[in-house]
Amino acid sequence: MSIAEIARSTENSYAGVRSCVLRLSAQGTVHASPAGKLTLYSFNADHILAPAIREIVGARARLWERITTAITETFADQPIYAAVFGSAATGTMTDESDIDIYLERPAGADPDRFDVDADSLAWQVSRLTGNEVRPLIYGEEEVSGAMADQRVLADIARDGVTVAGDDAGFRRRLRRASRARSDHAAR
């Protein structure tokens, strides 16, 4: 890919991409190949650091997998739906960012036990990343009722990375509750 193609596909500035690509090329992890007036760049899979680079690139997907596993192994009553949201989900996270995890508690679950399990999950995820983890817990009845119009739930439905449950079902519950509130208000 050319620097311009990389910048477009990663939505980063041309100058920033150029600086990174030239540094990586000088270090040998990226090959530079002349192609007419352009120079095309490709990953050097033979470089001694190639396996480590692949590990780093795949870290985010592995984090989602580890969170899913932790939820399954931690909760006595599995969340109806769970999603990472905020900067961790949108890819804008920094070292100082916290990780926001939405957890929807089933109607029959013991709220105190669910909170303990959520705290345990937060501790486990914090150990994986070094970032503070903040669970946001809503009960199933809240999502299907008065709380459905909360902006944070709309943000989670739009940008959240699902780590447990059914994202389409979550969005349906929000829409149904919102319609029910609208219908009730119209009466």
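Residues numbered from 1 in each chain as written. Predicted model: local features only at pLDDT ≥ 70, side-chain atom pairs only at ≥ 80, totals over all residues. Heavy atoms only, no water.

1. A closer look at the packing of helix H1 (residues 3-10) against helix H2 (residues 14-27)
Right, so step 1: At a minimum axis separation of 9 Å, H1 and H2 run at an interaxial angle of 120 degrees. As far as their axial angle goes, H2 and H1 are oblique. Crossing of H1 over H2 shows right-handed handedness. Contact with H1, carried on its side by Ile3, Ala4, Ile6, Ala7 and Thr10, involves Tyr14, Val17, Arg18 and Val21 of H2 and no other residues of that element. (Axes fitted to C-alpha atoms, helices over the stretch in contact; angles between N-to-C directions. Helix = DSSP H or I, 4+ residues; strand = E, 2+ residues; numbered from the N terminus. Parallel < 35°, antiparallel > 145°, perpendicular 65-115°, else oblique. Left-handed = near helix turned anticlockwise from the far one by under 90°. Contact = heavy atoms within 4.5 Å.)

2. Quick notes on H2
Right, so step 1: With 14 residues, H2 should cover 20 Å at 1.5 Å per step; its first-to-last C-alpha distance of 20 Å lies within 8% of that length.
Right, so step 2: Positive backbone phi, at 95 degrees, marks glycine 28, one or two positions downstream of H2. (Expected span 1.5 Å × (residues − 1).)

3. As for the packing of aromatic side chains
Given two aromatic rings, their pairing is described by the distance between the two centres and the angle made by the two planes.
Right, so step 1: A complete count under the given rule lists 5 aromatic pairs for this structure.
Right, so step 2: Judged by centre distance (4.9 Å) and plane angle (50 degrees), the ring pair of phenylalanine 75 and phenylalanine 114 falls under tilted. One end of the pair, phenylalanine 75, is in the loop between helix H4 (59-74) and strand S3 (81-85); the other, phenylalanine 114, is in helix H6 (residues 111-129), and 39 residues separate them in sequence. A single burial state applies to phenylalanine 75 and to phenylalanine 114, both of which are buried.
Right, so step 3: Ring centres 6.2 Å apart and planes at 50 degrees place the aromatic pair tyrosine 81 and tyrosine 102 in the tilted group. With tyrosine 81 in strand S3 and tyrosine 102 in strand S4 (residues 99-105), this pair connects stretches of sequence that are 21 residues apart. The pair tyrosine 81 / tyrosine 102 is uniform in exposure class, with both members buried.
Right, so step 4: Three or more aromatic residues joined by ring pairs form one cluster here, namely Tyr81, Tyr102, Tyr138 and Phe170. (Phe/Tyr/Trp six-rings, centres within 6.5 Å; stacked < 30°, edge-to-face > 60°. Buried < 20%, exposed > 50% of the residue type's maximum accessible area, 1.4 Å probe, protein only.)

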